[in-house]
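These are the residues of each chain, in order.
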Amino acid sequence: MDDSQHATYDIGAEIDALRAALTAHAITLPSLGVDPLTLAARTTRPPLIALGNCNAATAHRLAEALRMAAGG
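Okay, so let's go over this structure. Predicted model only: the values in this text are computed from it and were never measured.

On to the overall build of the protein chain. When helices and strands are tallied, the protein chain shows three helices and two strands. The 72 residues of the protein chain split such that 15% are buried. Restricting the contact set of the protein chain to residue pairs at least 6 apart, pairs at least 24 apart contribute 53%. Working note: accessible area of the protein chain is about 5200 Å², and carbon and sulfur atoms make up 60% of it.

What follows is the structure, encoded as structure tokens:
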């Protein structure tokens, strides 16, 4: 792949929106951010968003928020 095929993506707005939505449910994913490996890759695809690790209490809050959003 040559440089003309390398695209630049700014996914900061998506990360900010996800962080705000999680915060509305009292959920914090400390390592939420851009996945550095896919950011560095020379590809036409946007980088992935890394959700990161979380403790069991955060995983429980996240699962509960998703259940509520799904109507259950």
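This part covers unusual backbone geometry. One non-glycine residue with positive phi stands out, namely Ala26, at about 60°. The exposed category is assigned to Ala26, whose relative accessible area is 53%.

Moving on, we come to the nonpolar core. Counting residues in hydrophobic clusters, the biggest one holds seven residues: Ile11, Ile15, Leu22, Ile27, Leu29, Leu32 and Ala65. For Leu29, the residues in contact, after removing those within four places along its chain, are Leu22, Leu51, Cys54 and Thr58.

Two side chains bearing opposite charge may form a pair once their charged atoms approach each other closely. Per the stated rule, a full pass over the model turns up two salt bridges. Arg19 is the partner of Asp16 in a salt bridge, and the nearest nitrogen-oxygen pair spans 3.7 Å. With Asp16 and Arg19 both in helix H1 (residues 12-23) and three residues apart, this pair spans about one turn of that helix. Overall, the relative accessible area of 47% leaves Asp16 in the partly exposed class. Note on Arg19: relative accessible area 36%, which makes it partly exposed. The partner of Arg67 in a salt bridge is Glu64, and the shortest N-O contact between them spans 3.0 Å. Within this pair, Arg67 and its partner Glu64 are both found in helix H3 (residues 56-69), separated by three residues, close to a single helical turn. Classification of Glu64 as partly exposed rests on a relative accessible area of 31%.

Taking 1.5 Å per residue as the helical rise, H3 with its 14 residues ought to reach 20 Å, and the 20 Å between its terminal C-alpha atoms agrees with that figure. At the N-terminal end of H3, a side-chain oxygen is found 3.2 Å from the backbone nitrogen of Ala57, two or three residues along, and the residue is Asn55. The first or second residue beyond H3 is Gly71, which carries a positive phi of 90°.

The rules behind each value
- Residues numbered from 1 in each chain as written.
- Predicted model: local features only at pLDDT ≥ 70, side-chain atom pairs only at ≥ 80, totals over all residues.
- Heavy atoms only, no water.
- Helix = DSSP H or I, 4+ residues; strand = E, 2+ residues; numbered from the N terminus.
- Buried < 20%, exposed > 50% of the residue type's maximum accessible area, 1.4 Å probe, protein only.
- Contact = heavy atoms within 4.5 Å.
- Areas by Shrake-Rupley, 256 points an atom, 1.4 Å probe, with all protein chains shown as cover.
- Core = buried A, V, L, I, M, F, W, Y, C linked by side-chain atoms within 4.5 Å.
- Salt bridge = Lys/Arg side-chain N within 4 Å of Asp/Glu carboxyl O.
- Expected span 1.5 Å × (residues − 1).
- Polar contact = N/O pair within 3.5 Å; in protein donor to acceptor, adjacent residues only side chain to side chain.

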